[in-house]
Amino acid sequence: MLNAIRCSKKHVLTCIFLFCIHVFANAQTSKIDDLLAQLRPNDPDTVQIKVLRKLSAAYTSVDPIKKFYYANQYLQLAEKNNIDSNIANAYIDMGISYAVRSNLDSGLYYFKLGNEKARACNYLNGVGRSLVNIGFINDRQDKKQASVKNYEESLKIFKKLNNRRGINQCIMNLGSLYFDLGEYKTADIYFRQVYESVKETPNDQAGLANAIFSLGNSARKLGNQKLALSYYQNSLTIREKLGDLNGVALSNWGMGLALNNLQDHNRALKHLKIALENNRKTKNVYQEAIVLMSISDSYVHLKNYKKAEESAKLGLEKANEANSKGLVVQALEYLVKVEKAQNKFAEALQYQTEHIAINDSLNNTKIKKEVILDDLHRVHTDNKDLEKRNKKISATNNEYVVTISIISILLIVVAVLLVLYYKRNSEKKSANVLLQKQKQEIAEVNEELGALNEELTTQMEIVSSQNIELEKLNKVKNKFFSIVSHDLRGPIHSLKALFGMYRSGILSEEELGDLLERLEDTVYTTASFLDNLLEWSKSQLEGMVVNPTDVQLDQVIAHNIKLMESPIKLKSISVENQVADSFTVFADTNMVHVVIRNLLSNAIKFCAKGDKVIFDAKLENDKIICTIKDTGPGISELDKENLFNLTHMPGTGTSGEKGHHIGLILCRDMILQNNGSLEVDSKLGEGTTFYITLPAKAK
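Since this is a predicted model, take the numbers as computed values, not measurements. Sequence positions are assigned chain by chain, starting from 1 and proceeding in written order. Only residues with pLDDT of at least 70 are given local features in this predicted model, and only at 80 or more are side-chain atom pairs given and counted; all residues enter the totals for whole chains, interfaces and linings. As a rule here, side-chain values come from all non-hydrogen atoms in the structure, and water together with hydrogens is ignored.

Engineer: Give me the sheet that holds strand β4 (residues 612-620): which residues, what numbers.
Structural biologist: For two strands to be treated as a pair, DSSP must find at least two bridges joining them. Only DSSP runs of H or I covering at least 4 residues are called helices, and only runs of E covering at least 2 are called strands; the numbering of each starts at the N terminus. Taken together, five strands build an open sheet; the order of strands is β2-β4-β5-β7-β6 and the sheet is mixed. Two strands bound the open sheet, and with one partner strand each, they are β2 (574-577) and β6 (677-682). For this sheet, the mean angle separating the axes of adjacent strands, direction not counted, is 15°. When β4 meets strand β5 (residues 623-630), the two strands line up antiparallel, connected through eight bridges. Directly across from V613, in β5, lies its bridge partner D630. Comment: axis = line fitted to C-alpha atoms, over the contacting stretch for helices; angle = value between 0 and 180 degrees taken between N-to-C directions.

Here you go:
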């Protein structure tokens, strides 16, 4: 059999790469129409970028040129809005557009741009994607060692991100490299590892079909043709359901190769012709040339040399069209064999001459492959040599043990003789040794005492710092209980006195109504204080439990404005919610409500009649910054420095309301727990603005 297998090796990784980036043609055609309908020029840039990314992905297997067009479109929008992660993704998609069309140099150029951009903005998923694709280019250009490094580096990144699909892709590509190098058992281990992983994700039918197809390839190379046929049939069933024309062609091609190995050439031809038909539909010239060579091989075994020659010549034509010298060499080998079988020695000689000429031009590529294979062989041989050397060393060590034992016995005998000879001096020497030992023990005790002294000093320093910290906490505790006792006792005594006066007849109902209206705000403030106090106490005793979800910011603000409607109307304050409904943060819903409610309550408290409170928000570097701006009296520099310090006494509101720092401390702690920040900007007489920064909704 000719070296079609050699050609099929290289094709394995090509198929896997195309599989990993393709979304199947039939399914994608319907998606494209839906996506085009969603693309509206008046939508925000971020919305358009999402749609354009999906369009670029959808056109991968339908029209790579359009894929490049839409990738370039969302690249421009991403650059306009400084969204570095999308800039990196756009470069990678543009590179894939070229790689699908076998324009490897251009593909590599864009993959490197994507890699540089992703590294610059620490976008790990983009770094992993670009490295996988750079590894594919290096493998296609016979730079196996560089390719392995790319895959291993991307694998580390995907494991860090727990990106299962990315991990599976890297392992599959590493297995394919071993497959190309003829290490089929190792390749099979990698393919099986991917298969076991994909089985745990039932929704990834495409990945399952690809893993099964790869297991068919390794089984075929390991000589188990029937098992290979079973794998190919299972992958074909899944791909037919998905409508994957390229995958259907690959599975049928694999079945044709296995059947040729089983000498069932008529059945092999049926599957190979299906593969050829699908390759022509998808205009995959490279794979079409490979399938034509496999068909020619079937006809040679059936001794139908005319059709074998036609298929081989057409395969040569497609190989030239694909601009692949490697495929041209394979096609010429088939033609030489076919012509010899027909006793057309002149034609065979002509094809052989062309084959030699082209093959000579590929010497550099072959040398690179041989160097890699020799290096792998050298490592394998070195390991075997080390095993042999270890065995020899072990045997030598056994001999040494015997020799040392004999010498040891002799030394013992000599030692006994020396002991007898120096019997008179032994006591003196023993005494000297004992004294030396005692001196050494004393030195060791001194060292231990020194170490204990250092440890005690360290512990004293720790205790001292803990005492200082406890004093601070005690001051905060005293301040805390002072606030609690004063701010809870005051309103309760006021209510008690009010009802006593009313019962005794001192107050009329009209006077009682006026006082109750004034007392209403006091009760409201006390209730708000109690809410914050309970939340703060809970966070100190139990620790905050954060359950982040997607929270629509404008709805939270609107809800809390409605809750504060009574004090807002009472003070005649204008409150505006200018936050767009598209702003969604990823945070704990209850905590966001507590923060918004506290900051709005503070703004109302310190604003006078006719003042304004304005809510607004903006998106910046995957963060949403929400501002609460009021036109109140502002905050002094001293108060601003101690705004989040419980030991500092705040001022009073415009209607005499008490201020409590517990609310602001609680707000800051909650925002920090949600990976955000809380900042304030204020000047006396110019109002106050609070800035809440929270992570935006994940894309």
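Engineer: I'd love a proper account of the side chain of D93, names of residues and values included.
Structural biologist: Within the secondary structure, D93 is located in helix α5 (residues 84-100). Definition of a polar contact: a pair of N or O atoms within 3.5 Å, with one able to donate and the other able to accept a hydrogen when the atoms are protein atoms, and with sequence-neighbouring residues admitted only if both atoms are side-chain atoms. Within the structure, the side chain of D93 is placed 3.2 Å from the side chain of R129, a separation counted as a polar contact. Residue contacts are defined here by distance: any two heavy atoms, one from each residue, within 4.5 Å place the two residues in contact. D93 has contacts with S56, K67, A71, Y74 and R129, leaving out every residue within four places of it along the chain.

Engineer: Tell me about unusual backbone geometry, and name the residues and values.
Structural biologist: One non-glycine residue, N122, adopts positive backbone phi at about 55°. Tracing the sequence through the fold places N122 in the loop between α6 (104-120) and α7 (124-140). N122 gets classed as exposed once you look at its relative accessible area, which sits at 59%. In this structure, D622 is a non-glycine residue whose phi angle is positive, near 60°. Assignment of secondary structure puts D622 in the loop between β4 and β5. Note on classification: 1.4 Å probe, protein chains only; a residue is buried when its accessible area is under 20% of the maximum for its type, exposed when over 50%, partly exposed between these limits.

Engineer: Give me the environment of H593: which residues, what numbers.
Structural biologist: In this fold, H593 is placed in helix α24 (residues 589-606). H593 sits 37 residues away from V556 along the chain, and the two C-alpha atoms are 6.2 Å apart. Apart from residues lying up to four places away in sequence, H593 is in contact with V556, H559 and N560. A distance of 3.2 Å separates the side chain of H593 from the side chain of N560, its partner in a polar contact.

Engineer: Mind laying out a nonpolar patch on the surface, listing which residues take part and the relevant values?
Structural biologist: For patch building, the residue pool is restricted to those with more than 30% relative accessible area and no salt bridge; the joining distance is 9 Å between like charges and 5 Å between nonpolar side chains (Val, Leu, Ile, Met, Phe, Trp, Tyr). Only the protein chains shown count as cover for residues, with accessible areas throughout obtained via the Shrake-Rupley method and a probe of 1.4 Å. Here, a salt bridge means any side-chain nitrogen of Lys or Arg that lies within 4 Å of a carboxyl oxygen of Asp or Glu. Taken together, I409, I412, V413, V416, L417 and L420 make up a surface patch of nonpolar side chains, about 600 Å² in accessible area. One can find V416 in helix α19 (residues 363-421). V416 gets classed as partly exposed once you look at its relative accessible area, which sits at 45%.

Engineer: For the pattern of salt bridges, give the residues involved together with the corresponding values.
Structural biologist: Inspection of the entire model under this criterion finds 20 salt bridges. Taking the shortest distance from any N to any O, the salt bridge between R165 and D204 comes out at 3.6 Å. Placement of the pair is R165 in helix α9 (residues 164-180) and D204 in the loop between α10 (184-199) and α11 (205-221), with a sequence separation of 39 residues. We note a salt bridge from E309 to K313, for which the minimum N-O separation is 3.1 Å. Placement of the pair is E309 and K313 together in helix α16 (residues 305-321), with a separation of four residues, close to one helical turn. Residue K313 is classed as partly exposed on the basis of its relative accessible area, which comes to 38%. A single salt-bridge network, built from bridges that share partners, covers K67, D93 and R129.

Engineer: I'd like a rundown of helix α4 (residues 64-80), residues and numbers included.
Structural biologist: Along its 17 residues, α4 runs 24 Å from first to last C-alpha, staying within 8% of the 24 Å computed at 1.5 Å per residue. Burial in α4 covers these residues: P64, K67, F68, Y70, A71, Y74, L75, L77 and A78. Just past α4, the residue N82 takes up positive phi, approximately 55°. How far a helix is expected to stretch is found by multiplying one less than its residue total by 1.5 Å.

Engineer: Residues and numbers for the confidence of the model for the protein chain, please.
Structural biologist: The predicted model of the protein chain averages 80 in pLDDT, with 78% of residues at 70 or higher. Taken together, the stretch residues 1-26 has pLDDT below 50 and engages in 83 contacts with residues farther than four places along the chain or on a different chain. For the stretch residues 374-382, pLDDT sits under 50, and the model shows two contacts to residues farther than four places along the chain or on other chains. Along the chain, pLDDT gives the predictor's confidence residue by residue, from 0 to 100.

Engineer: Account for the nonpolar core, with residues named and values stated.
Structural biologist: Looking at soluble globular proteins, one finds that nonpolar side chains tend to be buried together. Buried Ala, Val, Leu, Ile, Met, Phe, Trp, Tyr and Cys residues that are joined via side-chain atoms within 4.5 Å together make up what is termed a nonpolar core. Ranked by internal contacts, the top residues of the largest apolar core, which has 74 residues, are F111, I137, W253, V291, I295 and L327. At nine residues, the largest contribution of residues to this core is made by helix α15 (residues 285-301). Membership of the second largest hydrophobic core comes to 41 residues, among which are A587, V613, I635 and L666.

Engineer: Requested: an account of helix α22 (residues 553-563), with residues and values cited.
Structural biologist: For α22, the complete set of buried residues consists of L553, D554, V556, I557, N560 and I561. Down the axis, α22 shows its buried residues gathered within 160° of arc, on one side only. Buried residues along α22 sit against β1 (548-552), α23 (565-571), β2, α24, β4 and β5. Arc, as used here, means the arc of the directions from the helix axis to the C-beta atoms.

Engineer: Which residues make up a negative patch on the surface, and what are the values?
Structural biologist: Among the surface-exposed residues, E441, E444, E447 and E448 lie close enough to one another that they form a single negatively charged patch. With respect to the helices and strands, E447 occurs in helix α20 (residues 423-504). Under this rule, positive means Lys or Arg and negative means Asp or Glu; His and the chain ends count for nothing. Every charge is mapped to an atom, namely NZ of Lys, CZ of Arg, CG of Asp or CD of Glu.

Engineer: Please give an account of the packing of helix α8 (residues 144-161) against α9 that cites residues and values.
Structural biologist: The relative placement of two packed helices comes down to the angle between their axes together with the axis-to-axis distance. Close contact between α8 and α9 brings their axes to 8 Å; oriented N to C, the two are set at 160°. Relative to α9, α8 is oriented roughly antiparallel. Once α8 is placed against α9, the crossing between them reads as left-handed. Where α8 abuts α9, its residues K144, S147, V148, Y151, E152, S154, L155, F158 and K159 lie against G166, I167, C170, I171, N173, L174, L177 and D180. Here is the rule for angles: anything less than 35 degrees is roughly parallel, anything more than 145 is roughly antiparallel, 65 through 115 is roughly perpendicular, and the remaining ranges are oblique. Should the near helix be turned counterclockwise from the far one by less than a right angle, the crossing is left-handed, whereas a clockwise turn marks it as right-handed.

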